[in-house]
Amino acid sequence: MRYEGNIFRPPSEAYSYLLQVTIGCTHNKCTFCSMYKDKKFRVRNLDEVLEDLEMARRTYRRVNRIFLCDGDALALANRKLIPILEKIRELFPECERVTVYGRATDALHKTDEELRELFEAGITMVYLGAESGSDKVLADIHKGETRLQLIDGVKKIEACGMQCSVTFISGLAGKDGWEDHAIQTGTMITEMNPSYVGLLTLMVDPNVPIAEEIRSGRLKLLSPEEVMAETLLLLKNANVSKTCVFRSNHASNYLSLRGNLPEDKENMLALLREAMDNHDMFKDERFRAL
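Worth saying up front: this structure is predicted, and the values here are computed from it rather than measured.

1. Topic: the overall build of the protein chain
Next, step 1: Across its full length, the protein chain holds ten helices and ten strands.
Next, step 2: Taking 2.2 N^0.38 as the reference for a compact globule, 290 residues should give roughly 19 Å; the C-alpha atoms of the protein chain span a radius of gyration of 19 Å, in line with that estimate.
Next, step 3: Principal-axis analysis of the C-alpha atoms gives the protein chain an extent of 55 × 40 × 35 Å.
Next, step 4: Looking at the 290 residues of the protein chain, the share that counts as buried comes to 51%.
Next, step 5: Contacts spanning at least 24 positions in sequence make up 77% of the contacts within the protein chain whose residues lie at least 6 apart.

2. Here's the deal with the pairing of strand E10 (residues 257-261)
Next, step 1: Residues Leu257, Gly259 and Leu261 of E10 are buried on one face, while the alternating residues Arg258 and Asn260, pointing to the opposite face, are not.
Next, step 2: With five bridges connecting them, strand E9 (residues 244-248) and E10 associate as antiparallel partners. Bridge assignment links valine 245 to a residue of E10, and that residue is asparagine 260.

3. Considering the environment of valine 154
Next, step 1: Relative to the elements of secondary structure, valine 154 occurs in helix H6 (residues 147-159).
Next, step 2: Each C-alpha atom, one on valine 154 and one on proline 194, is 6.8 Å from the other, the two residues being 40 residues apart in sequence.
Next, step 3: Those residues within four positions of valine 154 in sequence are excluded, and the remaining contacts are Leu128, Cys164, Val166, Met192 and Pro194.

4. Some thoughts on the packing of helix H7 (residues 174-192) against helix H9 (residues 224-236)
Between two packed helices, what matters for the description is the angle formed by their axes and the separation of those axes.
Next, step 1: Between H7 and H9, the least distance of the axes is 8 Å, while the angle of their chain directions is 30°. When the axis of H7 is compared with that of H9, the two are roughly parallel. Handedness of the H7/H9 crossing: right-handed. Facing Lys175, Trp178, Glu179, His181, Ala182, Ile183, Thr185, Gly186 and Ile189 of H7, the residues of H9 in contact are Glu226, Ala229, Glu230, Leu233 and Leu234.
Next, step 2: For the contact of H7 with H9, the residue count by class is seven nonpolar, three polar and four charged.

5. Some remarks on the packing of aromatic side chains
Next, step 1: A complete count under the given rule lists six aromatic pairs for this structure.
Next, step 2: Consider the rings of phenylalanine 67 and tyrosine 101, whose centres lie 5.0 Å apart with planes at 90°: the pair is edge-to-face. Of this pair, phenylalanine 67 sits in strand E4 (residues 65-69) while tyrosine 101 sits in strand E5 (residues 97-102), placing them 34 residues apart in sequence.
Next, step 3: Among the residues examined, tyrosine 101 registers a relative accessible area of 16% and is labelled buried.
Next, step 4: Taken together through their ring pairs, the aromatic side chains of Phe67, Tyr101 and Tyr127 make up a single cluster.
Next, step 5: Over the face of the ring belonging to tyrosine 254 we find arginine 288, whose NZ or CZ atom lies 4.1 Å from the ring centre.

6. Quick look at the environment of isoleucine 141
Next, step 1: Relative to the elements of secondary structure, isoleucine 141 occurs in the loop between helix H5 (135-140) and H6.
Next, step 2: What makes isoleucine 141 buried here is its relative accessible area of 2%.
Next, step 3: Isoleucine 141 has contacts with Lys29, Cys30, Thr31, Phe32, Glu131 and Leu172, leaving out every residue within four places of it along the chain.

7. What about a nonpolar patch on the surface?
Next, step 1: Residues Met1, Tyr3 and Tyr60 make up a contiguous nonpolar surface patch of roughly 260 Å² in combined accessible area.
Next, step 2: By the element assignment, methionine 1 lies in the segment before strand E1 (17-20).

8. A closer look at the nonpolar core
Next, step 1: Among the nonpolar cores identified, the biggest contains 67 residues, and Ile66 and Leu68 are the most heavily contacted of them.
Next, step 2: With near-sequence residues (within four places) excluded, isoleucine 66 lies in contact with Ser16, Tyr17, Leu19, Ile88, Phe92, Cys95, Arg97, Val98 and Thr99.
Next, step 3: Within the second largest apolar cluster, 13 residues are counted, among which are Cys30, Phe32, Val208 and Ile210.

9. Notes on the environment of alanine 77
Next, step 1: Here alanine 77 lies in the loop between E4 and helix H2 (78-91).
Next, step 2: Linking alanine 77 and arginine 116, residues 39 residues apart in sequence, is a C-alpha distance of 13 Å.

10. Focus on helix H10 (residues 265-277)
Next, step 1: The end-to-end C-alpha distance of H10, which contains 13 residues, comes to 19 Å, matching closely the 18 Å that a straight helix rising 1.5 Å per residue would cover.
Next, step 2: Of all the residues in H10, the buried ones are Lys265, Met268, Leu269, Leu272 and Ala275. Along the long axis of H10, the arc covered by the buried residues comes to 120°, so they all point the same way. With respect to the buried face of H10, the exposed residues turned more than 90 degrees away are Glu266, Asn267 and Asp277.
Next, step 3: Taken together, the buried residues of H10 touch H9, E9 and E10.

Rules of the game
- Residues numbered from 1 in each chain as written.
- Predicted model: local features only at pLDDT ≥ 70, side-chain atom pairs only at ≥ 80, totals over all residues.
- Heavy atoms only, no water.
- Helix = DSSP H or I, 4+ residues; strand = E, 2+ residues; numbered from the N terminus.
- Rg over C-alpha atoms; globule rule 2.2 N^0.38 Å.
- Buried < 20%, exposed > 50% of the residue type's maximum accessible area, 1.4 Å probe, protein only.
- Contact = heavy atoms within 4.5 Å.
- Pairing = 2+ DSSP bridges.
- Axes fitted to C-alpha atoms, helices over the stretch in contact; angles between N-to-C directions.
- Parallel < 35°, antiparallel > 145°, perpendicular 65-115°, else oblique.
- Left-handed = near helix turned anticlockwise from the far one by under 90°.
- Nonpolar A, V, L, I, M, F, W, Y, C, P; charged D, E, K, R; others polar.
- Phe/Tyr/Trp six-rings, centres within 6.5 Å; stacked < 30°, edge-to-face > 60°.
- Lys NZ or Arg CZ within 6 Å of the ring centre and 35° of its normal.
- Patch = residues over 30% accessible without salt bridge, like charges linked within 9 Å, V, L, I, M, F, W, Y side chains within 5 Å.
- Areas by Shrake-Rupley, 256 points an atom, 1.4 Å probe, with all protein chains shown as cover.
- Salt bridge = Lys/Arg side-chain N within 4 Å of Asp/Glu carboxyl O.
- Core = buried A, V, L, I, M, F, W, Y, C linked by side-chain atoms within 4.5 Å.
- Expected span 1.5 Å × (residues − 1).
- Arc of directions from axis to C-beta.

Take a look at the structure:
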């Protein structure tokens, strides 16, 4: 298959066919992210994308899942996305789901009818990086979106039939702002009511802007114990009204958490309290990775 630059996908798309429909990220200014810094955003030529699908059909006997790259394919206008989704349906009738990265503002720029059209054409899930529920943290990391926009974007996606998998980052506010970050993120999850939540722990590429904040001492990283306290406070404030799959089992995390909210909330809180008393439960730094 043909790809330009490094390709990134959510962990749950490990066995998906990756189809690059855009290059890079429309925003590309988040201070903690190095994923697309070597690319300038552009939309791939439709004919090239359709050719890639033809190549994939000749190459793979069966494709159950397809993930549309790069950073926020949802930014594409429907008139550009729909022909791709139609071709997928034509060539891969066995495909169970098509998923994309997206930003909340991508969803807010589309009408309800456009989002429903994408759902009916095959997109079942949008992966969205919210990072934090705190407007201060969002401004500090140059997210380019507000708490309200993130909440409204997720709610709009879910209301139109698609599911949202929303990612947050532990430790993003450092030692000075962890409580606000935890509380605001928990209450954001409550208001969003997303289908999935993923919680990562901050790990920094030395070349991204936030690394200089850490080197200068302006941002003080949390210890593993403090990450546990922050996660505990976050979960206490997450009170969803429908089942939300919660995962904090990324390679960056010190402790693996898996459960559904609200059903497994107390079990996960108990595990966090146990880890705060027994530091042998923490993953060694040598085994953490982005």
